[in-house]
Every structure is written in C-alpha cells, then in structure tokens.
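Summary of structural features
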Amino acid sequence: NLVALCLTAIGNTAANRRITFGVHGPDAVLRHHAQGFFVFLIGLALTAGSLALLAAAWPAAPAWVELTVLIVANFVTTVGRFLAFRLWVFPHRRAYDIGT
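Residues numbered from 1 in each chain as written. Predicted model: local features only at pLDDT ≥ 70, side-chain atom pairs only at ≥ 80, totals over all residues. Heavy atoms only, no water.

Formed by Phe 21, Val 23, Val 39, Ala 84, Phe 85, Val 89 and Phe 90, the largest nonpolar core amounts to 7 residues. Looking at which element gives the most residues to this core, the answer is helix 3 (residues 63-89), with 3 residues. (Core = buried A, V, L, I, M, F, W, Y, C linked by side-chain atoms within 4.5 Å. Buried < 20%, exposed > 50% of the residue type's maximum accessible area, 1.4 Å probe, protein only. Helix = DSSP H or I, 4+ residues; strand = E, 2+ residues; numbered from the N terminus.)

Set out below in structure tokens:
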C-alpha cells in the first residue's frame, strides 16, 4: 500500500507540475518532486493520524464513523496539498497562467 501511495504521489506531482501549473522541462524537477513527497508525507500523517486518534478516542467506532473521518481527512489533505503546491512548490506559477 505504501509503495502504491508513493508511486501515486510521484505521478500526481508530475501531473500537477505539467497540467495544473504549466511547468515544462527538467528545471527543478528533483526539487519539485522532493517537495511533493514532503507534502505527501504530511497528508499521509494527517489521514493515518486521524484514524489513530479515532481509535484512541473511540476504540469501538462503527465503520461509518471511520469512513467519515477518512473522508474529512482526505478532503483536508487534498485542499492542503493543492495550497502547498500553489504557495510553496510552484509559487511563481498560477493555474490561470496556463496557455499564456
């Protein structure tokens, strides 16, 4: 699962780099992927941490509560990932710059 998530993070960073933020070419590709991996780790900690907190607070939580916690944690992670990419990884590129 961790390997699949890491590979997905690499693909997601590459797609965001090219499609969302319009960055092409090899310039700073390693830095972008390192930053993207760091953002991925924060998201992983957020989602895993939310389940750990739920298990500590409510050990017998029903599946629908676990699912709700994961949905909220993934939503927060997705918004946070986009903001981190926009403000930190690709600070000089904006989505509306594409095609200009």
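Next up on the list: the side chain of Ser 50. For Ser 50, the position within the fold is in helix 2 (residues 29-57). When sequence neighbours within four positions are dropped, the list of residues in contact with Ser 50 reads Ala 45, Val 69 and Ala 73. (Contact = heavy atoms within 4.5 Å.)

Turning our eyes to something else, we now look at unusual backbone geometry. A positive phi angle, close to 65 degrees, is found at Ala 28, a residue other than glycine. With respect to the secondary-structure elements, Ala 28 resides in the loop between helix 1 (2-20) and helix 2.

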